[in-house]
Every structure is written in C-alpha cells, then in structure tokens.
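Examination of the molecular architecture
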Amino acid sequence: MSKKLVKMVKLNNLQYNTNRDPQVYRRVVGHPFRIQAMLDGQGSAKVTLTCEGKTLKESNVELPGMFSYELTFKDAGVRVATLTVSSDGQSESHELLLDTEAHAKVG
C-alpha cells in the first residue's frame, strides 16, 4: 500500500477544500495567491506547479518537507493550477481553483 505524498494543501494560508465557497480563496488583481503543500515520506520529491499550460515552478523537496509559491495575476478570471508531486515512482496531483476579480467589493 502506498502512502500519500501530500499531507495538506493550503491556499492563502487556509487548508484547501474544493467544497468550500470559492469566495474564501478569491483574490483581487495584483494580490498574490500563496500555495503551500505539506509533504510526507522519505527521500526527495519533485514538485511541479502548472497553470494555463505553463510550468510556474519546479523544485526538489527533501521529505518530509514543505513546498511554497506565490503567484499574482494581472487580469481577472478563473484559472486552474495543478500541483504535482512525484517520488519513488509514485505521483499525486491536486487541482486548485484560482479566482481573481477585477476590484474589491465595497461594503
């Protein structure tokens, strides 16, 4: 039986949950999204973060360890980022919904 490589994924310092209201994670244009992954296991893992067909960050992390990355968008919209962790022939992917609005709501 294989053990999970990713113990927890955080978006904007909150544990990521696809069932949570997206407003909780939403950012205004120019404000960064902070993506963190708490990793488990032994050895090292290759961590890749992609969005809109582009690789944003690729790094090797010693296990157990943590991956962290901040990204900012220049225009409003909804994007899907994919976090992929690979180690010893095992791979695990998580999709994150990144929703950016043009300006902050008033009131």
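Above: the structure in question.
What comes next is a walk through the structure.

Reading guide: rules and limits
Residues numbered from 1 in each chain as written. Predicted model: local features only at pLDDT ≥ 70, side-chain atom pairs only at ≥ 80, totals over all residues. Heavy atoms only, no water. Phe/Tyr/Trp six-rings, centres within 6.5 Å; stacked < 30°, edge-to-face > 60°. Buried < 20%, exposed > 50% of the residue type's maximum accessible area, 1.4 Å probe, protein only. Helix = DSSP H or I, 4+ residues; strand = E, 2+ residues; numbered from the N terminus. Patch = residues over 30% accessible without salt bridge, like charges linked within 9 Å, V, L, I, M, F, W, Y side chains within 5 Å. Areas by Shrake-Rupley, 256 points an atom, 1.4 Å probe, with all protein chains shown as cover. Salt bridge = Lys/Arg side-chain N within 4 Å of Asp/Glu carboxyl O. Contact = heavy atoms within 4.5 Å. Pairing = 2+ DSSP bridges.

1. Notes on the packing of aromatic side chains
All chains considered together, the criterion is met by two aromatic pairs. Summarising the aromatic geometry, the rings of Y16 and Y25 are spaced 5.1 Å apart at their centres and angled 35 degrees between planes, so their arrangement reads as tilted. Side by side, Y16 and Y25 carry an identical accessibility label, which is buried. The interplanar angle of 65 degrees and the centroid separation of 5.9 Å between the aromatic rings of F33 and F73 together place this pair among those described as edge-to-face. Taken together, the positions of F33 in strand β4 (residues 33-51) and F73 in the loop between β5 (54-71) and β6 (77-87) put the pair 40 residues apart, joining distant regions of the chain. The exposure classification of F33 matches that of F73, with both residues buried.

2. Re a nonpolar patch on the surface
Among the surface-exposed residues, V78, V80 and L97 lie close enough to one another that they form a single nonpolar patch of about 240 Å² accessible area. Among the secondary structure elements, V80 is positioned in strand β6. The exposure class assigned to V80 is partly exposed, which follows from its relative accessible area of 42%.

3. Quick look at the side chain of N12
Within the secondary structure, N12 sits in the loop between β1 (6-11) and β2 (14-15). Using a relative accessible area of 9% as the deciding quantity, one classes N12 as buried. Beyond its immediate sequence surroundings of up to four residues, N12 is in contact with Y25, R27, P32, F33 and R34.

4. Remarks on the pairing of β5
By the bridge criterion, 16 bridges tie β4 to β5 in an arrangement that is antiparallel. Paired with T48 across the two strands is E58, which belongs to β5. Joining the antiparallel neighbours β4 and β5 is a turn of two residues, in which E52 adopts a positive phi near 55 degrees.

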